[in-house]
Amino acid sequence: LHRADSLLNKKFVMSSVGRWLYNGNGDTVSIERIQTKKNGKPFYYKPKRFPKKAFFRFLGWYLSEGCVAYVKTRNGRKRCSGSISITQKCALELEDIIETIREIGYEPRVYKNANGVSNVVFCDRHLALVLSRLGYSDEKFIPSRYKHSDPEALRELLESLYLGDGDDRNVLTTTSIRLANDVQEILLRLGEVATIHHVSGKTDGGKDLFRVHRQRFPFKRFNGFRHSSTAATVKKEHYIGTVYCVS
């Protein structure tokens, strides 16, 4: 530890990562109990368990390329049909998606359109209801209970997520600021550093984009240490208010 005033005008470097606690030991993960209706009567889906690594890899694919299907009821409302689909054009990634779905216990069907884009589809209304809670494309997020899982599972999630929405520069692009924040948090938990760049109105529909850049070095330079930016300068300022300890 260093006194704050000792850092004034001193060139130094500080780690940008910390020590994190993890939950969820074991080889399986569960999805929650869901209440819905069946034939007009209350119906409950009991918690269901999946192989952890395969489920986290599937979750990454779903968040980047997946959706659930809805049908209209007689009164005009939308109802989750139970169909889950993941879209992919690249043959290698397509094979990975199919194998991952098989590993969590389903046999998917594959449909290819005239443009060569494949749609991998399987059905499970319980799982579809759980996934529907993760929002549409610009609302998607990673639930907290999954973000606190072990590093191996989190790496599976990030790998498939970046295969779907990432590029050769290791940059993930999404229209969901919440998903971008979740990915940045997970990278911190894994000992990496990431920054989020906001780009306004870049999609065809005018939506904003959020790009998560993984940094090469997990530390921050201050006060001109090896040409650090002027923004990374320790200053002394008058302040009245609450001070929080982030350790």
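The preceding data block contains the structure.
Below, the structure is looked at part by part. Computed from a predicted structure; not experimentally measured.

Reading guide: rules and limits
Residues numbered from 1 in each chain as written. Predicted model: local features only at pLDDT ≥ 70, side-chain atom pairs only at ≥ 80, totals over all residues. Heavy atoms only, no water. Helix = DSSP H or I, 4+ residues; strand = E, 2+ residues; numbered from the N terminus. Buried < 20%, exposed > 50% of the residue type's maximum accessible area, 1.4 Å probe, protein only. Contact = heavy atoms within 4.5 Å. Areas by Shrake-Rupley, 256 points an atom, 1.4 Å probe, with all protein chains shown as cover. Pairing = 2+ DSSP bridges. Axes fitted to C-alpha atoms, helices over the stretch in contact; angles between N-to-C directions. Expected span 1.5 Å × (residues − 1). Polar contact = N/O pair within 3.5 Å; in protein donor to acceptor, adjacent residues only side chain to side chain.

A word on the overall build of the protein chain
(1) Moving on: Across its full length, the protein chain holds six helices and 13 strands.
(2) Moving on: Along the longest, intermediate and shortest principal axes, the C-alpha atoms of the protein chain span 70 × 40 × 35 Å.
(3) Moving on: Out of the 247 residues belonging to the protein chain, those deemed buried represent 38%.
(4) Moving on: Considering only residue pairs separated by 6 or more positions, the protein chain has 64% of its internal contacts joining residues 24 or more positions apart.
(5) Moving on: Split by element, the accessible area of the protein chain, about 15,800 Å² in all, is 50% carbon and sulfur.

With respect to the sheet that holds strand 8 (residues 109-112)
Either a parallel or an antiparallel arrangement is found when strands of a sheet pair, and the pairing is made through backbone hydrogen bonds.
(1) Moving on: The strand order 6-7-9-8 describes an open sheet built from four strands, whose pairing is antiparallel. With partners counted over all chains shown, the strands left at the sheet margins are strand 6 (66-72) and strand 8, one partner each. Adjacent strand axes in the sheet meet at a mean angle of 35° when their direction is disregarded.
(2) Moving on: Inspection of the sheet shows strand 7 (residues 78-88) paired to strand 9 (residues 118-123) by six bridges, in the antiparallel sense. Bridge pairing in strand 9 places Q88 opposite S118.

Quick word on helix 5 (residues 151-165)
(1) Moving on: The terminal C-alpha atoms of helix 5 lie 21 Å apart, and with 15 residues this matches the ideal 21 Å at 1.5 Å per residue to within 8%.
(2) Moving on: Taken together, the buried positions of helix 5 are A153, L154, E156, L157, L158, S160, L161, Y162 and G164.
(3) Moving on: Against the buried residues of helix 5 lie helix 1 (52-65), helix 4 (144-147), strand 10 (171-174), helix 6 (177-189) and strand 12 (209-214).

Things to note about the sheet that holds strand 11 (residues 194-199)
(1) Moving on: With respect to topology, three strands assemble into an open sheet ordered 10-12-11, the strand pairing being antiparallel. Looking along the sheet, the strands with just one partner apiece sit at the ends: strand 10 and strand 11. Taking each pair of neighbouring strands and ignoring which way they run, the sheet shows an average axis angle of 20°.
(2) Moving on: Sheet topology note: the strand 11/strand 12 ladder contains six bridges and is antiparallel. Residue pairing across strands places T195 opposite H213, the latter belonging to strand 12.
(3) Moving on: Strand contacts of helix 5: strand 10 and strand 12, with the helix running at about 70° to strand 10, the strand carrying the most contacts.

As for the environment of K78
(1) Moving on: Considering the arrangement of structural elements, one finds K78 in strand 7.
(2) Moving on: Take K78: its relative accessible area is 55%, and that puts it in the exposed class.
(3) Moving on: In this structure the side chain of K78 is engaged in a polar contact, spanning 2.9 Å, whose partner is the side chain of Y136.

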